[in-house]
Amino acid sequence: MKKYLLSLAVLSLFYTESRACAWSDPDYEYFNLFTQSIIRDKSYLPFLHSYSTRFYSDFKPSQIPDDNIYTWKKFFNNQLNYAETDYLVNKMNISDLNALKKGNPSNQLLVKLGAGFYPKYREAVDYLIEAKYLEPYMKINYVETQDSFYYRENESGKNATELDYGKTIAALTSLYNAAKNPEIKQRYGYQLVRFNHYTRNYDAAVQAFKNYVEPVRLRGSAYFMALDQLAGAQRGLDLKSDANWNFFQVFMNSKNRKESAFVSMKLSDTASFNNILKRAGTNQEKNMAYFLLGYEDFNNPIPTMEKMFEIDPDSEILKVMAVRSINELERSYLPIYYYQDTDGNASTQTATSGKAPDQAKAAPEEPKKEELSFWQKIVRFFKNLFSSKKDKNSLESKADQSDDELLDNPNRIPVFSKNNYWYDDKTKDFLDDLEKFTGKAKEKSKDEYWQIADAYLKFLKKDYQASTEILNDITTTNPEYQEQIKRMKILNDIVSRPKIDAEYEDHLMTDYAEYFVDQPEVKKDSTDTADDYYGEVPSTKDFLKDVLANRYFLQGEDGKSFLMNNKLSDLQYNPNSSLVKSVEDFYRKPSKTKFEEQIIAKNIDDVGNIDAFFAVIYGDRAMRQADFEKAKSYYTKAQGFKGLPRTEWNNDANKVTPLQYLANTYNGFTNISDLVFGHNVWESFQSTPEESMKREDYSQFPFIKPSMNKLELADALLQLKRIGSGKDAKAATANQLIGNLLYNTSILGYYRQLFVMDIDNTNGGKYDFWSTERKNPYQYYYKNFPDRTYIEPDNFDLAIGYYKKAFDLSANREQKARALFQMASAEQGKYYQYEAKHPSAIDYSDPKYSEKSDAYQKQLDQIKNQKYRTNFALLKSQYADTETAKDLMGSCSYFGYFMR
């Protein structure tokens, strides 16, 4: 496991009301396969489903049209395109327009429009000049009070109070009266309302709307811009109901002001949407009010959708509600990562974890809800979410798993409640209800959207055939619909496939290559986005990759499954020998399919020398098994090893580059100190080797060099083993040195990093005691491989065996005492393994928790003393008088405690 701090990771799915926190983004924790943004009316994009931000923001601002720009474009008789109109109205300098007015324009756009543009649109150009003069001042002045939430120092910039109030009102009124064109006249009215609002002359703003905006009787963009300002003034007068209603009208009738109008409604009236519904008169108003209620209180939206459907089955906002509902279901059914809890407590397993293959089909038992503590609920949450149907203990059982494990719906999934994100059957019921609704909607609505939605819900229910049949019957010219249909057909095809063989891999490359082959990287703009922090949003490509990884896993092709989600170099984080062998077999496969070559094998990244990389892993495993001869044979093939493929930040290059090992630094193969044959003076992994370890007397063994590589180390061990087969004192010392090395490179030893592909002994998952009988914690695929522990546990009996030989051969009581202590230390490792496999099942909420915990601890202590303290007992009873024992009492706290 990579050395990450993961202690809080289990909490990442338990959010606050907004489901957001500093270390988790819920919008990046599921596969969004149904594109929310395919709704036709893009003005509702901010109201799509998101937990990361108050409003959905995964779209380009240009997708939402600006009503004002379209109105101006039409006013100028479409002589300008949208971008040119936006430039003229919002970005062109006032001096350019004054030059146009004087008859000598230099701006290329104005030159292109020709000499007749100003005479024809004189009033409009004059208005734009006045508007551009006012615009820098059109901010409300901020007034600091004792109740202000934020402290603001003197802010730079202008505000409306810096203009002469009387002169500005007079000028705008004069221009209003002089204007002949109704649209221009109403725009001056808008400026009068806005200026009064921003100078906090709220009564005057209300009167200006009545006197200068309403009489024009136009209901275009200028009217709703003015209405927005009127509502702001009414809020300033504490006329909350009227303000809220007018903000509602702005929301309903504008395209690019919906988000701000929504926020303004919330600020104006705490019971805003219910009050709007009471006041709504037309069907359009009622429909929009229902939408706002459903959007804000997204509990079970279907009853609200039913009411909206009765009003207008073709309503665009009804599709927004539906797509939000589908997105919520995706968060329940398509999390980006599945895994099986491996706490070893088989009695509480909801599926097959920890059970024998013949128990795999047993029905899960649901514990009584009130008996679960908070932490047990967390464990139960993950068990239910990621439980598998069958055990993966044999190739036969894996190959037989043809059902869709990856999309196996969890037993408990989120309730649609703002304050409850627990998982239960209500979401499955919601899926059924939403499917019924989409089935009804697709029969009555002319929009193909409902057919697509219905097909997708069937996909979530794993009815791939029905989903595909619906998709095949859809005829549409909408390019976004066409893309969604195409993607869903691919999903149905691949996910419904029980076995992936060479023929099907060819089909994937022939028909769906775009979803697997990496595309050229598109350069992003400099705008900082969430992607920069969290990485890319999980995509359809990522989902399909996971599905195939799951299929290969079930087929027993572990190497291919691993490489679908990981790089070859990731094996260093969990060098499990059986998985490594499967990966190597794939690497050496002589004739790979095009899919295997281009999609899977591309993850065989640069590890320096691949043959040496594999040889080191196998050699390390042989060393942990005390098979020194086999280890030497592998290490002989590993002499081209370039070092563990780690990375580091390179300040000069300003990027991550391969780690450059110093000449005298341990790199996974070379520069191993002879202290590895010594014994520890005290247990401190953070101290230097010279502080923590003490050398033995190596004078009889000149082949033990001060610094060795792994090949030399294996050779030294073979020589020690040969010497240790004798019967003399030298043989006793040779066996003791072998025992030392095996203990020192175990999970308890200072050199624990040597044979697990790590570069140092600092904390990480490799040094956690194995807590399950199951050797493979991965039950679906090898995704996020570095984040879980998957290496074989230490066999402490090997070290104990060599120490026992040393004890039996030695006639020196001090050496015997040292051997006994080392055997006792290894015994302690065996106890830790036992304890980790038998955790307490006592509920923290149990009234007798302390009493039961004390009893459980006494039971463990009894087992420890009876089964795992035999050598300590012998050391105490027969060797307590030795200098070695006395010295150990001072340096080893638990030995000192035992001796007392």
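Residues numbered from 1 in each chain as written. Predicted model: local features only at pLDDT ≥ 70, side-chain atom pairs only at ≥ 80, totals over all residues. Heavy atoms only, no water.

Regarding the overall build of the protein chain
Let me state the cut-off plainly: We count a stretch as a helix when DSSP gives it H or I for four or more residues in a row; a strand needs E for two or more, and each element gets its number in order from the N terminus. For every residue, the accessible area obtained with a 1.4 Å probe (protein chains only) is divided by the maximum for its type, and the residue is called buried under 20%, exposed over 50%, and partly exposed between those limits. Pairs of residues are marked as contacts when any of their non-hydrogen atoms sit within 4.5 Å. In this description, accessible areas are obtained by the Shrake-Rupley approach with a 1.4 Å probe, and a residue is regarded as covered only by the protein chains that are shown.
Helix and strand counts for the protein chain come out as 39 helices and eight strands. A burial count over the protein chain gives 53% of its 900 residues as buried. Looking at the protein chain alone, contacts between residues at least 24 apart form 68% of all its contacts between residues at least 6 apart. For the protein chain, the accessible surface area stands at approximately 42500 Å², while carbon and sulfur atoms represent 49% of it.

A few points about the confidence of the model for the protein chain
Our working rule: Residue-level confidence of the predictor is what pLDDT reports, using numbers from 0 through 100.
For the protein chain, per-residue confidence averages 83 on the pLDDT scale, and residues scoring 70 or more make up 81% of the total. Every residue in residues 342-423 is under pLDDT 50, and counting partners more than four places away or in other chains gives 205 contacts. Low pLDDT, under 50, characterises residues 525-534; the predicted model gives this stretch 14 contacts beyond four residues in sequence or across chains.

Section: the pairing of strand E3 (residues 647-650)
Formally: At least two bridges found by DSSP between two strands is the condition for calling them paired.
Across four bridges, the pairing between E3 and strand E4 (residues 655-658) is antiparallel. Residue pairing across strands places Trp 649 opposite Val 656, the latter belonging to E4. The turn linking E3 back onto E4 is made up of four residues, and Asn 654 within it adopts a positive phi angle of 60 degrees.

Examining the environment of Val 323
With respect to the element layout, Val 323 can be found in helix H16 (residues 316-333). Exposure remark for Val 323: the relative accessible area of 0% places this residue in the buried category. Between the C-alpha atoms of Val 323 and Ile 39, which are 284 residues apart in sequence, the distance is 8.4 Å. The residues contacting Val 323, other than those within four sequence positions of it, are Phe 34, Thr 35, Gln 36, Ile 39, Leu 48 and Tyr 449.

Regarding the packing of aromatic side chains
Operational definition: Working definition: a ring pair exists when centres of Phe, Tyr or Trp rings (six-membered ring for Trp) sit within 6.5 Å. Plane angles under 30 degrees give stacked, over 60 give edge-to-face, the rest tilted. Each ring is checked for a lysine NZ or an arginine CZ that lies within 6 Å of its centre and within 35 degrees of its normal; such an atom marks a charge sitting over the ring.
By the definition in use, this model includes 60 aromatic pairs. Judged by centre distance (5.1 Å) and plane angle (90 degrees), the rings of Phe 76 and Tyr 121 are edge-to-face. On the criterion of sequence distance, the pair formed by Phe 76 in the loop between helix H1 (67-75) and helix H2 (82-91) and Tyr 121 in the loop between helix H5 (117-120) and helix H6 (122-134) is long-range, its members being 45 residues apart. For the pair shown, Phe 76 and Tyr 121 are each scored as buried. A centroid spacing of 5.0 Å and a plane angle of 50 degrees characterise the contact between Phe 117 and Tyr 121, whose relative ring orientation is tilted. A residue is classified by how much of its surface remains accessible, and Phe 117, at 2% relative accessible area, is buried. The ring of Tyr 176 carries Lys 185 above its face, with NZ or CZ at 4.5 Å from the centroid. Looking at Lys 258, its charged tip hangs above the ring of Phe 251, at a distance of 5.0 Å from the centre.

Focus on empty space enclosed by the protein
Selection rule: Think of a 1 Å grid over the protein atoms and nothing else: a 1.4 Å probe that fits but is trapped marks a cavity, an open set flanked by protein within 12 Å on at least five of seven lines marks a pocket, and residues with an atom within 4 Å of a point count as lining. Grid points are joined across faces, edges and corners, and a volume is the space filled by probe spheres set on the points. Following the grouping adopted for this structure description, the nonpolar residues are Ala, Val, Leu, Ile, Met, Phe, Trp, Tyr, Cys and Pro, the charged ones are Asp, Glu, Lys and Arg, and the polar ones are all others, Gly among them.
The full count for this structure, using the stated rule, is four cavities of 30 Å³ or more. Empty space within the largest cavity amounts to approximately 150 Å³. Taken as a whole, the second largest cavity encloses approximately 100 Å³ of empty space. Taken together, Arg 624, Leu 742, Tyr 743, Thr 745, Ser 746, Asp 794, Asn 795, Phe 796, Leu 798 and Ala 799 make up the full set of residues lining the second largest cavity. Put simply, the parts of the chain that give the lining of the second largest cavity at least two residues each are helix H33 (729-744) and helix H34 (796-809). For the lining of the second largest cavity, the leading source of residues is H34, giving three residues. When its residues are assigned to classes, the lining of the second largest cavity shows five nonpolar, three polar and two charged.

Quick notes on helix H26 (residues 558-565)
With seven of eight residues buried, H26 lies mostly within the body of the structure. Taken residue by residue, H26 has Asp 558, Gly 559, Lys 560, Ser 561, Phe 562, Leu 563 and Met 564 as its buried positions.

What about the nonpolar core?
Nonpolar side chains tend to gather and get buried jointly when the protein is soluble and globular. Note the following rule: Only buried residues count toward a nonpolar core, which is a set of Ala, Val, Leu, Ile, Met, Phe, Trp, Tyr and Cys residues joined through side-chain atoms within 4.5 Å.
Core analysis: the biggest nonpolar cluster contains 232 residues, and Phe 291 and Phe 677 have the highest contact counts within it. Looking at this core, the element that brings in the most residues is helix H29 (residues 610-624), giving 10 residues. If near-sequence neighbours (up to four positions away) are discounted, Phe 291 is found in contact with Tyr 44, Phe 47, Phe 251, Met 308, Ile 317, Val 320 and Met 321.

Quick word on the side chain of Ser 43
Using the following cut-off: Distance and chemistry together define a polar contact, namely a pair of N or O atoms within 3.5 Å, with one atom able to donate a hydrogen and the other to accept it when in protein, and with adjacent residues in sequence counting only for side-chain atoms on both sides.
Of note, Ser 43 is situated in the segment before H1. Reaching out from Ser 43, the side chain makes a polar contact with the side chain of Asp 41 at a distance of 2.7 Å. The contacts of Ser 43, once residues within four sequence positions are left out, are Ile 64, Lys 255 and Lys 258.

Thoughts on the side chain of Asn 740
Note on placement: Asn 740 falls in helix H33. Within the structure, the side chain of Asn 740 is placed 3.1 Å from the side chain of Glu 696, a separation counted as a polar contact. Other than its neighbours up to four places away in sequence, Asn 740 contacts Val 676, Phe 677, Gly 678, His 679, Glu 696, Tyr 803 and Gln 822.

Quick notes on the pattern of salt bridges
Let me state the cut-off plainly: A pair is scored as a salt bridge if a Lys or Arg side-chain nitrogen falls within 4 Å of a carboxyl oxygen belonging to Asp or Glu.
Per the counting criterion, the structure on display carries 47 salt bridges. Lys 461 is the partner of Glu 435 in a salt bridge, and the nearest nitrogen-oxygen pair spans 2.7 Å. Placement of the pair is Glu 435 in helix H19 (residues 426-444) and Lys 461 in the loop between helix H20 (449-460) and helix H21 (464-472), with a sequence separation of 26 residues. Look at Glu 435 and you get buried, because its relative accessible area is 16%. Overall, Lys 461 belongs to the partly exposed group, its relative accessible area being 32%. Between Arg 487 and Glu 483 there is a salt bridge, with the nearest N and O atoms lying 4.0 Å from each other. Of this pair, Arg 487 and Glu 483 both sit in helix H22 (residues 479-495), four residues apart, which is roughly one turn of that helix. You can call Glu 483 partly exposed: its relative accessible area is 34%.

A closer look at the packing of H29 against helix H30 (residues 628-636)
Operational definition: Only the stretch in contact is used when a helix axis is fitted, and all axes are lines through C-alpha atoms; the angle between N-to-C directions ranges over 0 to 180 degrees. Working rule for angles: under 35 degrees goes down as roughly parallel, over 145 as roughly antiparallel, 65 to 115 as roughly perpendicular, anything else as oblique. Take the far helix as the reference: if the near one is turned anticlockwise from it by less than a right angle, the crossing is left-handed, and if turned clockwise, right-handed.
Contact geometry of H29 with H30 gives a least axis separation of 8 Å together with a crossing angle of 165 degrees. Here H29 lies roughly antiparallel to H30, going by the angle between them. For the crossing formed where H29 meets H30, the hand is left-handed. Residues Ala 615, Val 616, Tyr 618, Gly 619, Asp 620, Ala 622 and Met 623 of H29 form the contact with H30, whose own contacting residues are Phe 628, Lys 630, Ala 631, Tyr 634 and Tyr 635. Residues belonging to the contact of H29 with H30 are distributed by class as follows: nine nonpolar, one polar and two charged.

Looking at the environment of Asp 611
Turning to its location among the elements, Asp 611 is positioned in helix H29. Excluding residues that lie within four positions of it along the chain, Asp 611 makes contacts with Tyr 587 and Arg 588. Separated by 2.8 Å, the side chains of Asp 611 and Arg 588 make a polar contact.

Topic: helix H14 (residues 283-296)
Where we set the bar: Helices are assigned an expected span. That span is 1.5 Å times one less than the residue count.
End to end, H14 covers 20 Å across 14 residues, agreeing with the expected 20 Å (1.5 Å per residue, within 8%). Of all the 14 residues making up H14, 10 are buried; the element is thus mostly covered by neighbouring parts of the structure. Three or more residues of H14 are buried, namely Glu 285, Asn 287, Met 288, Ala 289, Tyr 290, Phe 291, Leu 292, Leu 293, Gly 294 and Tyr 295.

Examining the environment of Lys 632
Looking at the secondary structure, you find Lys 632 in helix H30. C-alpha separation for the pair Lys 632 and Leu 717, spaced 85 residues apart in sequence, amounts to 9.5 Å. The contacts of Lys 632, once residues within four sequence positions are left out, are Leu 711, Ala 714, Asp 715 and Leu 718.

Some thoughts on unusual backbone geometry
You will see that Asn 78, though not glycine, has its phi angle at about 60 degrees, which is positive. The topology assignment puts Asn 78 in the loop between H1 and H2. Although it is not a glycine, Asn 784 sits at a positive phi angle of roughly 55 degrees. By secondary structure assignment, the location of Asn 784 is in the loop between H33 and H34.

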